[in-house]
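# Structural overview
This is what each chain is made of:
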Amino acid sequence: MNRGTILKAASILAGAALSVEEARAAPAYPVVELRQYTLHEGKRDVLIDLFERNFIEPQEAEGMKIIGTFRDLDHPNRFVWLRGFTDMKKRVSGLTNFYGGPVWKGHREAANATMIDSDNVLLLHAPSDAAGFEPMARRPELREARSKGLIIATIYPLRSSPEEARELFEDKVKPRLSTAGVHVLAWFIPETAANNFPRLPVREGERVLVWFARFEDEADRLAHLNVVSSATKALDPLVEGEPQVLRLQPTERSELR
């Protein structure tokens, strides 16, 4: 299925939908940072409030996309978020403008005071048009009540080529997951270009496959656990070590939910 067909079929997310015209016009963000921040105890909600009030729209004004922001359900001091870019050239210009601009300068001390580590970052790219995140519904406003859902990110460390794992995932794993009712959102392999904004470090030289799925809640995830385990066994010969599974609860203003 090509991207045009996918965009036409943009689904209803949390009670809101993109029109066909909006979906056609929505840009793709195939370059994605998966950012996992370790915070000082009790500071996660402080950072989320600061982030959602001050950092979303200014970044998007520079051509970047804040795809999703999350509380890690298994680590109370971890904030996880996804930032997308249309390409690596737009990445460096967007980051340069935002981190050199007045919004970050005005709030960076407060943001940095919440953080122990912000360098756990995977720089990824969608290997095909179909692999990236589809256009999403309208972002909730502050204090707007919206259903949350549960996003699962699975990171497979690989002993072989990410391209080989990607092909196996697309040909064998994803079809089985989709047939069994698992909503696969997107999948990624590492970006091959060098980090072009070294002020923000990323995990260099990683061989990983990362995929994202949406569930209604934890009960829904558990109901599909055997299906996921069975379908992903095809990847076992390519995987080195245990995959990292992130159970992510969307924050109040996260678009991805």
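Here goes a summary of the coordinates provided. Predicted model only: the values in this text are computed from it and were never measured.

Rules behind the numbers
- Residues numbered from 1 in each chain as written.
- Predicted model: local features only at pLDDT ≥ 70, side-chain atom pairs only at ≥ 80, totals over all residues.
- Heavy atoms only, no water.
- Pairing = 2+ DSSP bridges.
- Helix = DSSP H or I, 4+ residues; strand = E, 2+ residues; numbered from the N terminus.
- Axes fitted to C-alpha atoms, helices over the stretch in contact; angles between N-to-C directions.
- Contact = heavy atoms within 4.5 Å.
- Parallel < 35°, antiparallel > 145°, perpendicular 65-115°, else oblique.
- Left-handed = near helix turned anticlockwise from the far one by under 90°.
- Nonpolar A, V, L, I, M, F, W, Y, C, P; charged D, E, K, R; others polar.
- Buried < 20%, exposed > 50% of the residue type's maximum accessible area, 1.4 Å probe, protein only.
- Phe/Tyr/Trp six-rings, centres within 6.5 Å; stacked < 30°, edge-to-face > 60°.
- Lys NZ or Arg CZ within 6 Å of the ring centre and 35° of its normal.
- Salt bridge = Lys/Arg side-chain N within 4 Å of Asp/Glu carboxyl O.

Time to look at the sheet that holds strand E5 (residues 150–157). With respect to topology, eight strands assemble into a closed barrel ordered E1-E3-E2-E8-E5-E7-E6-E4, the strand pairing being antiparallel. When the angles between neighbouring strand axes are averaged without regard to direction, this sheet yields 35°. This element, helix H7 (residues 162–179), spans strand E6 (183–190) and strand E7 (208–215) of the sheet and lies at about 175° to E6.

Next up on the list: the packing of H7 against helix H9 (residues 225–232). Axis separation between H7 and H9 bottoms out at 9 Å; the angle between their running directions is 160°. Comparing the axis directions of H7 and H9 gives the class roughly antiparallel. The interaxial crossing formed by H7 with H9 has right-handed handedness. Along its contact with H7, which presents Val173, Arg176 and Leu177, the element H9 presents Val227, Val228, Ser230, Ala231 and Thr232. For the contact of H7 with H9, the per-class residue count stands at five nonpolar, two polar and one charged.

A word on the side chain of Arg78. Relative to the elements of secondary structure, Arg78 occurs in strand E3 (residues 78–85). Non-local contacts of Arg78, meaning those with residues more than four positions away in its chain, are made with Gln36, Tyr37, Arg44, Phe70, Arg71, Asp72, Gln244 and Leu246.

Before going further, it helps to spend a moment on the pairing of E6. Most of E6 sits inside the fold, with seven of its eight residues counted as buried. Here strand E4 (residues 115–125) pairs with E6 via two bridges, running antiparallel. Counted as the bridge partner of Leu124 is Pro190 from E6. Alignment of E6 against E7, held across five bridges, turns out to be antiparallel. Looking across to E7, one finds that His183 is bridged to Arg214.

As a further point, take the packing of aromatic side chains. Remark: the centre distance and the inter-plane angle together describe each pair of aromatic rings, the angle taken between the planes. Under the criterion given, the structure shown has 16 aromatic pairs. Ring centres 6.3 Å apart and planes at 45° place the aromatic pair Phe98 and Trp104 in the tilted group. Feature note: the residues Tyr37, Phe51, Phe55, Phe79, Trp81, Phe98, Tyr99, Trp104 and Phe197 constitute an aromatic cluster, connected by ring pairs. The ring of Phe85 carries Arg91 above its face, with NZ or CZ at 5.8 Å from the centroid.

Moving on, we come to the pattern of salt bridges. Applying the stated rule across the entire model yields 21 salt bridges. Between Arg83 and Glu33 there is a salt bridge, with the nearest N and O atoms lying 2.9 Å from each other. Placement of Arg83 in strand E3 and of Glu33 in strand E1 (residues 31–39) is noted, with a sequence separation of 50 residues between them. For the pair Arg83 and Glu33, a shared accessibility class is recorded, and that class is buried. Where Glu60 meets Lys65, a salt bridge forms, and the shortest distance between an N and an O atom there is 3.8 Å.

Below, the discussion takes up unusual backbone geometry. You will see that Arg143, though not glycine, has its phi angle at about 65°, which is positive. Relative to the helices and strands, Arg143 resides in the loop between E4 and E5. Using a relative accessible area of 62% as the deciding quantity, one classes Arg143 as exposed.

Counting buried positions along strand E2 (residues 65–72) yields eight of eight residues, so the element is predominantly enclosed. In terms of strand pairing, E2 meets E3 through six bridges, oriented antiparallel. Along E3, the bridge assignment pairs Lys65 with Gly84. In this structure, the hairpin formed by E2 and E3 is closed by a connection of five residues. By the bridge criterion, three bridges tie E2 to strand E8 (residues 244–250) in an arrangement that is antiparallel. Bridge assignment links Asp72 to a residue of E8, and that residue is Leu248.

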